[in-house]
Amino acid sequence: MSIINTHAALVCPPGLGHIIPFLELAKKLVSHKKITKLTMFLSSTKNNSCKPQIATNIIQSLMKPDLFNIIHVIHLPPIHVPTNTNTGTKLAIIMRELIPHICHEISTMTSPKPAILITDLFGSLVMPIAEKFNMSKFVFFSSSAWNVALALHTPTLDEVVEGEYTDQKECIQIPGCNPIRPCDLFTPMLDRNDQLYHEYLQICEQIRKVDGIFVNTFHELEAKTIAALRSGKISKIPVYPIGPLIREAKKQNCDDENRNYVIDWLDKQEEESVIYVSFGSGYTMSHEQVKELALGLELSGKKFVWSLTSPSTKAGDDHYLTAGEDVESNGVPKSQASISVFPDEFYRMEGKGLMVMDWAPQLEILKHSSTGGFLSHCGWNSILESVSCGVPIVAWPLFADQMMNAEIIAKDIGIGVRLNVTQSANVVGSEEIAKTICKIMDKEDIEGCAMRKRVKELKHIAEKAWSQDGPSFCEMSQMTNAFVRISQSVRHMGCDQ
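These figures come from a predicted structure and were not determined experimentally.

A.B. asks: Describe the sheet that holds strand β9 (residues 303-308), with residues and values.
C.D. replies: Spatial ordering of the open sheet is given by β10-β9-β8-β11-β12-β13, a layout of 6 strands whose pairing is parallel. Whereas interior strands pair on both sides, the edge strands pair on one side only; in this sheet they are β10 (354-357) and β13 (416-418). With strand direction ignored, the average angle separating the axes of adjacent strands in the sheet is 15°. Both strand β8 (residues 274-278) and strand β11 (residues 371-376) contribute to a ladder of 5 bridges, which runs parallel. In the strand pairing of β11, Val277 is matched with Leu375. Of the strands in this sheet, β12 (393-395) and β13 touch helix α14 (residues 402-412), which is tilted by about 135° from β13. Each of β8, β11, β12 and β13 is contacted by helix α15 (residues 430-441), which is oriented at about 140° to β11, the strand it contacts most.

A.B. asks: Mind laying out unusual backbone geometry, listing which residues take part and the relevant values?
C.D. replies: Residue Pro112 follows Ser111 across a cis peptide bond; omega there is 0°. Between Gly243 and Pro244 the backbone carries a cis peptide bond, its omega angle lying at 0°. Phi at Glu272 is positive, roughly 50°, even though this residue is not glycine. In this structure, Glu272 sits in the loop between α9 (257-267) and β8. Although it is not a glycine, Ala400 adopts a positive phi angle of roughly 60°. Relative to the helices and strands, Ala400 resides in the loop between β12 and α14.

A.B. asks: Could you give an account of the sheet that holds strand β3 (residues 71-75), naming the residues involved and the relevant values?
C.D. replies: Within the open sheet, the 7 strands sit side by side as β3-β2-β1-β4-β5-β6-β7. Their pairing is parallel. Taken across any chain shown, the strands that pair with only one partner, and hence form the sheet edges, are β3 and β7 (239-241). Sheet twist, expressed as the average angle between the axes of neighbouring strands with direction ignored, equals 20°. Across 5 bridges, strand β2 (residues 37-42) lies against β3 in parallel orientation. Bridge pairing links Thr39 to His72 in β3.

A.B. asks: Lay out the packing of helix α10 (residues 287-300) against α15 in plain terms, naming residues and giving numbers.
C.D. replies: Running from amino to carboxyl end, α10 crosses α15 at an angle of 45°, the nearest separation of the two axes being 7 Å. Relative to α15, the element α10 lies oblique. Crossing of α10 over α15 shows right-handed handedness. Counting all contacts with α10, which are made through Glu292, Leu293, Leu295, Gly296, Leu297, Leu299 and Ser300, the residues of α15 involved are Ser430, Glu431, Ile433, Ala434, Ile437 and Cys438. By residue class, the composition of the contact of α10 with α15 is 8 nonpolar, 3 polar and 2 charged.

A.B. asks: Provide a residue-level description of the pairing of β2, including the pertinent values.
C.D. replies: Counted residue by residue, β2 has 5 buried out of 6 residues, so it is predominantly covered. One crossover worth recording links strand β1 (residues 7-12) to the parallel β2 by way of helix α1 (residues 16-31), and it is right-handed.

A.B. asks: Any chance you could break down the environment of Ser467 for me, citing the residues and the numbers?
C.D. replies: Mapped onto the fold, Ser467 is located in the loop between α16 (446-465) and α17 (471-496). Residue Ser467 is classed as partly exposed on the basis of its relative accessible area of 31%. A polar contact is formed between the side chain of Ser467 and the backbone oxygen of Lys464, at a distance of 2.6 Å.

A.B. asks: Account for the pattern of salt bridges, naming residues and giving values.
C.D. replies: A complete count under the given rule lists 18 salt bridges for this structure. Between Glu131 and Lys137 there is a salt bridge, with its nearest N and O atoms 3.4 Å apart. Taking relative accessible area as the criterion, Glu131 reaches 52% and is therefore assigned exposed. Classification of Lys137 as buried rests on a relative accessible area of 11%. Note that Asp184 is salt-bridged to Arg418, the shortest N-O span being 2.8 Å. Pair noted here: Asp184 is in the loop between α6 (145-160) and α7 (195-207) and Arg418 is in strand β13, with a separation of 234 residues, a long-range link. It is possible to trace a salt-bridge network through shared partners that takes in Arg181, Asp184, Glu407, Lys411 and Arg418.

Conventions used here
- Residues numbered from 1 in each chain as written.
- Predicted model: local features only at pLDDT ≥ 70, side-chain atom pairs only at ≥ 80, totals over all residues.
- Heavy atoms only, no water.
- Pairing = 2+ DSSP bridges.
- Helix = DSSP H or I, 4+ residues; strand = E, 2+ residues; numbered from the N terminus.
- Axes fitted to C-alpha atoms, helices over the stretch in contact; angles between N-to-C directions.
- Contact = heavy atoms within 4.5 Å.
- Parallel < 35°, antiparallel > 145°, perpendicular 65-115°, else oblique.
- Left-handed = near helix turned anticlockwise from the far one by under 90°.
- Nonpolar A, V, L, I, M, F, W, Y, C, P; charged D, E, K, R; others polar.
- Buried < 20%, exposed > 50% of the residue type's maximum accessible area, 1.4 Å probe, protein only.
- Right-handed = clockwise from strand over helix to strand, strands pointing away.
- Polar contact = N/O pair within 3.5 Å; in protein donor to acceptor, adjacent residues only side chain to side chain.
- Salt bridge = Lys/Arg side-chain N within 4 Å of Asp/Glu carboxyl O.

Take a look at the structure:
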């Protein structure tokens, strides 16, 4: 039997939050031995988002050398985006303007050309490329299955819901899924008059036309939603839950001073006594948020590791697309942030925990036995890492799909508590922060004990998901077998012409 040359193309939007899960997907795809070549297109902006060398350094640090024979990286020309628009609209502009560049790259490739195109939510805007080159179309959601269901159902909601979604008195209904509070909707849906909503609507229409969707989740984490997606009530598109796709924790390295310093400090703490605090690499906290958080940590009396950047007068996700540009290949920042701009309350925390400026080895911290809780913005990658390490979560959602994610962990699977965030300023009072940290960490708290037990159960389930013949392993096998059939079909079409 001849070997089928199966060539897949991955189109990855800019930002570490996209590059890392896409790279993990690429590694899993080639590990099944059905993909003989995988081309990964990386995009950037002229505003220095993920410069090519930086992206290359990140990839080299996360990928074994032998994979470079199969996974080929192409850096696309940087795209200029207006600075005065939101992150989602910037992503839409970038992906649309990349179409001619990707077409040029594919047209100059030698045989076999890609038979499969894989991209993500915002990358769906490049799907006309698949039609041009007769490629099958797949979307990879690095977010929750609930977000997949919302995207597939949004064109229907656009037709039947009058006025703003946020003005609806009832929850937003998706067939077979838990309803969504209007205030928790994915950010693009919060203003139907904004350009971002219209971009998102076009994206959702494109997703309805794909040949398959794979999502970074696993059955036990979102059983109800996965069942709904496969029932045919929302869409007939095949959905493959293939999570958790998370990077491997690095071992301590004598050349990695920042990582070693944090782990050495954790080694000296008691078991499950430390709360880890991080709001992701792309979010900048306001002075008010830093002040209340510092006071809350102090009131809780818990030791902590706090990963943060210099605060701003206004919080926001302006650095989402540029997160990582100051990171060396080993993950250590080129320069530490100045702490002179922090509020006075911040300095009272000295000696009570560890402040890590700009970057912290998150997965290594969560895996450490001293870590007993995670105060998180609820980015989906962070949730999966926390679940995979068996660490309960204090949820402080801020933007994008994070409000929906917080509902999943607090209400659906019971592994955390959602803070009461003021929508106007995304601020939480210090007393509530302290109370909630103590709830998930104190051994005497009955609810906290139940959360810790549940998240440890999910940890073991997550470990088995990617074991030989585990559910996610089998889902990926089904998908790569489908890729081989697609490549055979494309080859036969070429022979007939």
